Amino acid sequence: MSFGVYVHWPFCAAKCPYCDFNSHVRTAIDEAGWVDGILSELDWVAANQTQRPVVETIFFGGGTPSLMTGGSVGRILAKIAALWPLANDPEITLEANPASADAGRFADYRAAGVTRVSLGVQALNDADLKKLGRLHDVAEAKNALKMAMNTFDRVSLDLIYARPDQTDAGWRGELKEALAFGTDHLSLYQLTIEPQTPYALLHKKGSLQIPGEELAAGLYETTQELTEAAGLPAYEISNHARPGQESRHNLIYWRYGDYAGVGPGAHGRVSLSGRRTATAAIRLPERWRDTVRHSGHGFDEMVLVHDGDAAREHLLMNLRLAEGLDLAGYELRWGARPSEEKVAILVEQGFLTLRDDILIATPSGRLLLNRVLEELLD
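The following paragraphs examine the structure supplied in this document. (Residues numbered from 1 in each chain as written. Predicted model: local features only at pLDDT ≥ 70, side-chain atom pairs only at ≥ 80, totals over all residues. Heavy atoms only, no water.)

### Considerations on the state of the cysteines
No. 1: Scanning all chains against the criterion turns up zero disulfides.
No. 2: No disulfide involves Cys16; its nearest neighbouring cysteine sulfur is the one of Cys19, lying 6.3 Å away.
No. 3: By relative accessible area, which is 15% here, Cys19 ends up buried. (Disulfide = S-S within 2.5 Å. Buried < 20%, exposed > 50% of the residue type's maximum accessible area, 1.4 Å probe, protein only.)

### Looking at the packing of aromatic side chains
No. 1: In this structure the tally under the stated criterion is 13 aromatic pairs.
No. 2: Geometrically, the ring pair formed by Tyr6 and Phe59 is stacked, given 6.2 Å between the ring centres and 20° between the ring planes. Placement of the pair is Tyr6 in strand E1 (residues 3–9) and Phe59 in strand E4 (residues 55–62), with a sequence separation of 53 residues. When sorted by exposure, Tyr6 lands in the same class as Phe59, which is buried.
No. 3: A network of ring pairs unites the aromatic residues Trp9, Phe11, Trp34 and Trp288 as a single cluster.
No. 4: Lying over the aromatic face of Tyr256, Arg276 brings its terminal NZ or CZ to 4.0 Å of the ring centre. (Phe/Tyr/Trp six-rings, centres within 6.5 Å; stacked < 30°, edge-to-face > 60°. Helix = DSSP H or I, 4+ residues; strand = E, 2+ residues; numbered from the N terminus. Lys NZ or Arg CZ within 6 Å of the ring centre and 35° of its normal.)

### Things to note about the environment of Pro338
No. 1: For Pro338, the location among the structural elements is in the loop between helix H12 (327–334) and helix H13 (340–348).
No. 2: Residue class for Pro338 comes out buried when judged on its relative accessible area of 12%.
No. 3: Separated by 11 residues in the primary sequence, Pro338 and Leu327 place their C-alpha atoms 8.4 Å from one another.
No. 4: Setting aside residues no more than four positions away along its own chain, Pro338 makes contact with Leu315, Leu327, Tyr330, Val343 and Leu376. (Contact = heavy atoms within 4.5 Å.)

### Some thoughts on the pattern of salt bridges
No. 1: Scanning the entire structure with this criterion turns up 24 salt bridges.
No. 2: Between Arg105 and Asp102 there is a salt bridge; the shortest N-O distance is 3.8 Å.
No. 3: Given the relative accessible area of 23%, Arg105 is considered partly exposed.
No. 4: Given the relative accessible area of 34%, Asp102 is considered partly exposed.
No. 5: Across the pair Glu213 and Arg371 runs a salt bridge, and its minimum N-O distance is 3.6 Å. Within this pair, whereas Glu213 is found in helix H8 (residues 213–229), its partner Arg371 is found in helix H15 (residues 369–377), the two being separated by 158 residues in sequence.
No. 6: Overlapping salt bridges, with partners in common, bring together Asp128, Lys131, Arg163, Asp165 and Glu174 in one network. (Salt bridge = Lys/Arg side-chain N within 4 Å of Asp/Glu carboxyl O.)

### Brief notes about unusual backbone geometry
Outside of glycine, negative phi angles account for most residues, and trans bonds account for most peptide bonds.
No. 1: Between Gly62 and the following residue, Gly63, the backbone shows a cis peptide bond with an omega angle of 20°.
No. 2: With phi around 65°, Asp165 is a residue other than glycine that occupies positive phi space.
No. 3: Along the chain, the position of Asp165 falls in the loop between strand E7 (154–161) and helix H6 (168–180).
No. 4: For Tyr256, which is not a glycine, the phi torsion comes out positive at approximately 65°.
No. 5: Among the structural elements, Tyr256 can be located in the loop between helix H9 (248–254) and strand E11 (258–262).

### Some remarks on H6
No. 1: With 13 residues, H6 extends 18 Å from end C-alpha to end C-alpha; this agrees with the ideal 18 Å at 1.5 Å per step.
No. 2: Buried within H6 we find Trp171, Glu174, Leu175, Ala178 and Leu179. Each buried residue of H6 sits inside an arc of 135° when the element is viewed along its axis, so together they form one side. Projecting away from the buried face of H6 at angles above 90 degrees are the exposed residues Ala169 and Ala180.
No. 3: In this fold, the buried residues of H6 make contact with E7, strand E8 (185–190) and H8.
No. 4: Residue Gly182 follows H6 closely and has a positive phi angle near 95°. (Expected span 1.5 Å × (residues − 1). Arc of directions from axis to C-beta.)

### What to know about the pairing of E4
No. 1: Within E4, seven of the eight residues are buried, leaving the element largely enclosed by the surrounding structure.
No. 2: Here E1 pairs with E4 via seven bridges, running parallel. Its bridge partner lying in E4, Val7 is registered against Phe60.
No. 3: In the sheet, E4 pairs with strand E5 (residues 86–96) via five bridges, with the strands oriented parallel. Bridge pairing in E5 places Phe59 opposite Thr93.
No. 4: Following the backbone out of E4, through helix H2 (residues 70–83) and into the adjacent parallel E5, one traces a crossover that is right-handed. (Pairing = 2+ DSSP bridges. Right-handed = clockwise from strand over helix to strand, strands pointing away.)

Okay, structure coming up:
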């Protein structure tokens, strides 16, 4: 089974009003001290595994990992290599913000071992970037993208659509411009109003309007049309890539492999003492750090995932993929299959297809995947 490591860096220069990720703004950061905590947590995970799986992918997420120095990234990668065997060609991704990108920092990441950068551009017009609370403008984003593509073999570009007041024509022009940059991977996320964010408060007051369901569906269909025509079809609902350029780390999640998650607020699904365990670390960075110093780790949740729950999670994740779910492999792993009657109904309704024992969500099914899964798992 594939195994990856997720490292969460929780700090940002500013908090975006739509964001509900575990990110925090601090005026001063003891970077070496925070890295020490991450190293301790990696030690603890490895010590509690009964086997040493091969690490195929490493992902630095946040927050804003591009606020870290290359030296800190190198320390973490060296620790991972000391604790686990590495694949011959590990995919090592770091999320970067254009506002904290510079050529020297990117060169340091490359020297430390990073092989792939995911650049959070989010919009390609200055007015919307300002509304989204981003610290960069379009010119800075393009400059950062150019530096990334000159430094790394693999670069992913992130954009958000279904933004306030966005039209289909506006998104079509923006996405065409993004595709023309020539990256081999795009992450294209539909904006959702998340609870307890400034956007949620504005939306409740009626001062923030986002596209309705019909327009949002049209924007999704425009996204599929343009990316497929450009040779970057969706391999997952929000992720598009040229064949062979898919995010191997995210595929571990969606194929329900094992991954260790370390750092404040990080989640993992990892075999500890021989049992698949769901881990979640303390979200507040300072409390996480103090707990790690005392206990060697900052996990406040470690829950055994029973086979029935694991089978449901596997189905939920795998049907997001264009490749679909191999029912024979699924049955071999969990000893069960989705209800044939429910599958047949969803196939008849045009939301699923079943070919050679592979269950795949159709374009209509992916558009309404949450509803499809509710029906399938009810």
